[in-house]
Number of protein chains: 2
Amino acid sequence: MTIRVIIVDDQAMVRAGFAALLAAQSDIDVVGEAPDGRKGVEVSRSVHPDVVLMDVRMPEMDGLAAVRELLSPPAGVVHRPKVLMLTTFDVDDYVYEALRAGASGFLLKDAPPADLISAVRVVAAGDALLAPSVTRRLIADFARQRPAPPSGGPALRLNGLTPRETEVLELIARGLSNQEIAARLVVAEQTVKTHIGKVLAKLGLRDRAQAVIFAYESGLVAPGDA
Amino acid sequence: MTIRVIIVDDQAMVRAGFAALLAAQSDIDVVGEAPDGRKGVEVSRSVHPDVVLMDVRMPEMDGLAAVRELLSPPAGVVHRPKVLMLTTFDVDDYVYEALRAGASGFLLKDAPPADLISAVRVVAAGDALLAPSVTRRLIADFARQRPAPPSGGPALRLNGLTPRETEVLELIARGLSNQEIAARLVVAEQTVKTHIGKVLAKLGLRDRAQAVIFAYESGLVAPGDA
DNA sequence: GCCGGCCCCGTACCCGGGTAGGGGACAGGG
DNA sequence: CCCTGTCCCCTACCCGGGTACGGGGCCGGC
């Protein structure tokens with residue numbers, strides 16, 4: 001039983017390299033390639049691979065959107081390939097979104113070739129695999145449910161929110177009023193309102209109550225770390 | 001720079017096997033062993049290893065308690081070794097507790113020797129590593145945040161709220177406006193306001209945003225069941 | 001240099017939400 | 001029987017929050 005793989009990456013050289021590497025394995029077949037997310041989704045829908053190797057950063061449709069498109073069943077789509085995300089540099093914040101969207105793994109491109117190959121096999125088998133540094137972050141984030149974060153910096157950035165907006169959102173999710181948030185951040189209350197307005201608009205929410213819900217559902221805050 | 005390791009496991013044969021395996025590596029030194037958690041903590045405190053290989057199930061003090069003891073700084077303890085948990089059978093629920101307690105990794109004992117060795121190196125480097133099946137579970141759990149419920153049936157009435165009030169509270173936590181709640185319950189909007197007012201008063205909350213927080217923190221609603 | 005993103009602040013307006021304080025109906029238990 | 005609790009509904013008021021629109025300063029990238 002060979003593992004059918006497609007490779008989605010905007011850099012042709014990268015695709016060629018991975019393809020050569022994987023095709024050399026007797027139990028892996030590279031059955032397709034695509035230069036961007038949109039085409040990747042199309043190719044996946046037509047060839048039905050077992051595993052999709054997907055770069056994060058791409059033109060036209062980035063890996064994240066592609067994963068969502070691919071794994072959210074938009075009608076009568078029965079085929080759900082495993083998705084292995086790839087990223088060039090270090091861990092970026094897309095990790096969390098990708099995992100939530102249903103990705104089975106996350107690797108750095110500079111990982112040893114043997115790791116990539118075994119990752120494909122692991123994912124195809126229905127298990128998951130993360131780069132060690134990613135695992136570390138995930139665990140840290142997971143463990144963060146008991147202890148209060150000492151530094152508590154809002155370095156994380158989800159859904160196109162700016163750091164400041166994310167910070168405000170978290171304070172909303174802590175139950176603070178605009179006045180209290182303003183005091184905490186040492187800015188005018190109107191500035192807080194502006195930030196909140198942008199947050200609501202960007203996330204498609206109506207009021208702060210829905211913002212709190214979003215914060216919990218997205219994992220920005222979790223029950224227990226009050 | 002060699003990696004100093006101690007092995008904590010109640011089975012002498014297992015200890016010997018791992019010790020031989022690891023000692024054969026030029027960059028790894030086995031500097032101690034212990035047959036149970038309590039002695040493991042003692043040994044760790046005296047020899048200050050970089051990595052502690054710890055079995056989950058052990059007499060006297062199990063691996064879980066040992067990790068907590070080891071990683072929760074109970075005074076002026078500066079030394080915090082990395083802990084790599086080992087388990088014989090498949091994933092048990094201790095995984096989550098161990099990770100929360102600060103373990104850096106979780107492996108099955110039947111993993112390939114090469115995996116164990118590389119795991120020690122990865123953990124020593126400050127990264128984390130999980131068995132693929134563990135990773136899968138962690139991701140799944142992370143994707144739809146469901147912190148282990150303390151069991152028990154649905155507390156129909158929490159904190160002295162009437163059923164109706166609880167119902168209203170849940171709808172607030174779903175993001176509905178007063179108008180929408182009124183429509184849903186087929187009552188006047190003012191009635192909804194009254195109920196909400198009582199809820200807020202009884203729970204000591206200020207506004208509906210804080211009510212949403214309470215709903216999540218109390219478990220009335222949980223992330224993922226939107 | 002220019003442009004775009006981010007952060008900050010303002011004024012003005014409107015409305016949903018929360019408060020205060022009533023009242024009517026029905027149930028069950030002392 | 002009365003009393004307590006729950007659910008329902010009302011008027012009236014006020015304020016926090018959200019919207020609309022404008023502007024200034026800062027920085028990094030093209």
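Rules behind the numbers
Residues numbered from 1 in each chain as written. Chains lettered and ligands numbered in written order. Predicted model: local features only at pLDDT ≥ 70, side-chain atom pairs only at ≥ 80, totals over all residues. Heavy atoms only, no water. Helix = DSSP H or I, 4+ residues; strand = E, 2+ residues; numbered from the N terminus. Contact = heavy atoms within 4.5 Å. Areas by Shrake-Rupley, 256 points an atom, 1.4 Å probe, with all protein chains shown as cover. Pairing = 2+ DSSP bridges. Axes fitted to C-alpha atoms, helices over the stretch in contact; angles between N-to-C directions. Near = heavy atom within 4 Å. Polar contact = N/O pair within 3.5 Å; in protein donor to acceptor, adjacent residues only side chain to side chain. Nonpolar A, V, L, I, M, F, W, Y, C, P; charged D, E, K, R; others polar. Buried < 20%, exposed > 50% of the residue type's maximum accessible area, 1.4 Å probe, protein only. Phe/Tyr/Trp six-rings, centres within 6.5 Å; stacked < 30°, edge-to-face > 60°. Parallel < 35°, antiparallel > 145°, perpendicular 65-115°, else oblique. Lys, Arg positive; Asp, Glu negative; His and termini not counted. Salt bridge = Lys/Arg side-chain N within 4 Å of Asp/Glu carboxyl O. Left-handed = near helix turned anticlockwise from the far one by under 90°.

Participant: How do you make sense of the overall build of chain A when you look at a structure like this?
Facilitator: If you tally the helices and strands in chain A, you get 10 helices and six strands. Across chain A, contacts joining residues at least 24 apart in sequence account for 64% of those joining residues at least 6 apart. Carbon together with sulfur atoms contributes 56% to the accessible area of chain A, which is approximately 10,000 Å² in total.

Participant: I tried to follow the sheet that holds strand E6 (residues 129-130) of chain B on my own but got confused; where do I start?
Facilitator: Sheet strands line up and pair through hydrogen bonds in the backbone, either parallel or antiparallel. All names here are of chain B. The six strands lie next to each other as E2-E1-E3-E4-E5-E6, forming an open sheet whose pairing is parallel. Every interior strand has two partners, whereas the edge strands, strand E2 (28-34) and E6, have only one. Sheet analysis places strand E5 (residues 105-108) next to E6, joined by two bridges and oriented parallel. Bridging across to E6, Phe-106 finds its partner in Leu-130. Here helix H2 (residues 37-47) sits on the sheet in contact with strand E1 (3-8), E2 and strand E3 (51-55), set at roughly 160 degrees to E1.

Participant: How should I be thinking about the protein's contact with DNA strand D in this particular structure?
Facilitator: Contacts to DNA strand D come from 18 residues, most closely from Arg208(A), Thr162(B), Arg164(B), Val187(B) and Ala188(B). Sugar plus phosphate: this is where 60% of the atoms of DNA strand D within 4 Å of the protein reside. Here a phosphate oxygen of DNA strand D and a backbone polar atom of Asn178(A) are 3.5 Å apart. Between DNA strand D and Lys193(A) there is a distance of 3.0 Å, counted from a base nitrogen to a side-chain nitrogen or oxygen. Broken down by secondary-structure element, the contributors of at least two residues to the surface near DNA strand D are helix H9 (189-203) of chain A together with helix H7 (163-173) and helix H9 (189-203) of chain B. Residues of the surface near DNA strand D, tallied by class, amount to four nonpolar, nine polar and five charged.

Participant: How should I be thinking about the side chain of Asp36(A) in this particular structure?
Facilitator: Considering the arrangement of structural elements, one finds Asp36(A) in the loop between strand E2 (28-34) and helix H2 (37-47). In this structure the side chain of Asp36(A) is engaged in a polar contact, spanning 2.8 Å, whose partner is the backbone nitrogen of Lys39(A).

Participant: When you look at unusual backbone geometry in this model, what are you seeing that I'm missing?
Facilitator: Keep in mind that most residues, glycine aside, have a negative phi and that most peptide bonds are trans. All names here are of chain A. Phi is positive for Val-186, close to 55 degrees, though the residue is something other than glycine. By the element assignment, Val-186 lies in the loop between helix H8 (178-185) and H9. According to the relative accessible area criterion, Val-186 is exposed, its value standing at 70%.

Participant: Looking at this structure, I do not really get the packing of aromatic side chains. What am I missing?
Facilitator: In this description, an aromatic ring pair is defined by two values, namely the gap between the centres and the angle between the planes. If you walk through the whole model with that rule in mind, you get one aromatic pair over all chains. For the ring pair Tyr216(A) and Tyr216(B), a centre distance of 4.4 Å and an interplane angle of 5 degrees mean the geometry is stacked. A residue pair is termed interchain when its members come from two chains, as with Tyr216(A) in helix H10 (residues 208-218) and Tyr216(B) in helix H10 (residues 208-218). Relative accessible area serves as the criterion here: at 2%, Tyr216(A) is assigned to the buried category.

Participant: Before we go on, may I ask you to explain the packing of helix H7 (residues 163-173) of chain A against H10(A) in this structure?
Facilitator: When two helices pack together, you describe them by how their axes are tilted relative to each other and by the distance separating the axes. Residues and elements named next belong to chain A. Where H7 contacts H10, the axes come no closer than 8 Å and their chain directions differ by 100 degrees. Between H7 and H10, the angle falls in the class roughly perpendicular. In contact with Leu-169, Ile-172 and Ala-173 of H7, H10 contributes Arg-208, Ala-211, Val-212, Phe-214, Ala-215 and Tyr-216. In terms of residue class, the contact of H7 with H10 is made up of eight nonpolar, no polar and one charged.

Participant: Sorry if this is basic, but what is going on with the pairing of strand E5 (residues 105-108) of chain A here?
Facilitator: If a strand is regular, its side chains alternate between the two faces of the sheet. All names here are of chain A. Burial along E5 is two-sided: Gly-105 and Leu-107 and Phe-106 and Leu-108, pointing in opposite directions, are all buried. Of the pairings in the sheet, the one linking strand E4 (residues 82-87) to E5 comprises four bridges and is parallel in character. Across the sheet, residue Met-85 finds its bridge partner in E5, namely Phe-106.

Participant: In this structure, what is going on with the environment of Asp29(B)? I would like to understand it.
Facilitator: Structurally, the position occupied by Asp29(B) is in strand E2. Excluding its chain neighbours within four sequence positions, the residues that come into contact with Asp29(B) are Thr2(B), Ile3(B), Arg4(B) and Val5(B).

Participant: It is not clear to me how the side chain of Arg208(B) should be interpreted in this structure. Could you clarify?
Facilitator: Here Arg208(B) shows up in helix H10. For the buried Arg208(B), which has no salt bridge, the nearest side chain bearing the opposite charge is Asp207(A), at an N-O separation of 4.9 Å. In this structure the side chain of Arg208(B) is engaged in a polar contact, spanning 2.9 Å, whose partner is the side chain of Asn178(B). Arg208(B) has contacts with Ala209(A), Ile172(B), Leu176(B), Ser177(B), Asn178(B), Ile181(B) and Ile196(B), leaving out every residue within four places of it along the chain.

Participant: Explain the sheet that holds E4(A) to me, please; I cannot follow it from the model alone.
Facilitator: All names here are of chain A. Read across the sheet, six strands follow the order E2-E1-E3-E4-E5-E6 without closing on themselves; strand pairing throughout is parallel. In this open sheet, the two edge strands, each paired with only one partner strand, are E2 and strand E6 (129-130). In terms of strand pairing, strand E3 (residues 51-55) meets E4 through five bridges, oriented parallel. Looking across to E4, one finds that Asp-55 is bridged to Leu-86.

Participant: I would appreciate a short explanation of the packing of H7(A) against H8(A) in the present structure.
Facilitator: All names here are of chain A. Orientation of H7 relative to H8, taken along the N-to-C sense of each, is 130 degrees, at an axis distance of 10 Å. Of the possible angle classes, the one that applies to H7 and H8 is oblique. Crossing angle aside, the handedness with which H7 passes H8 is right-handed. Contacts between H7 and H8 involve Arg-164, Glu-167, Val-168, Leu-171 and Ile-172 from the first element and Ile-181, Arg-184 and Leu-185 from the second. For the contact of H7 with H8, the residue count by class is five nonpolar, no polar and three charged.

Participant: Got a minute to help me understand the environment of Gly40(B) in this structure?
Facilitator: All names here are of chain B. Inspection of the secondary structure puts Gly-40 in helix H2. Linking Gly-40 and Leu-70, residues 30 residues apart in sequence, is a C-alpha distance of 9.1 Å. Excluding its chain neighbours within four sequence positions, the residues that come into contact with Gly-40 are Ile-6, Val-8 and Ala-34.

Participant: Looking at this structure, how should I read the environment of Phe18(A)?
Facilitator: Structurally, the position occupied by Phe18(A) is in helix H1 (residues 12-23). It is 9.3 Å that separates the C-alpha atoms of Phe18(A) and Leu53(A), two residues lying 35 residues apart in sequence.

This is a description of form; function is not addressed.
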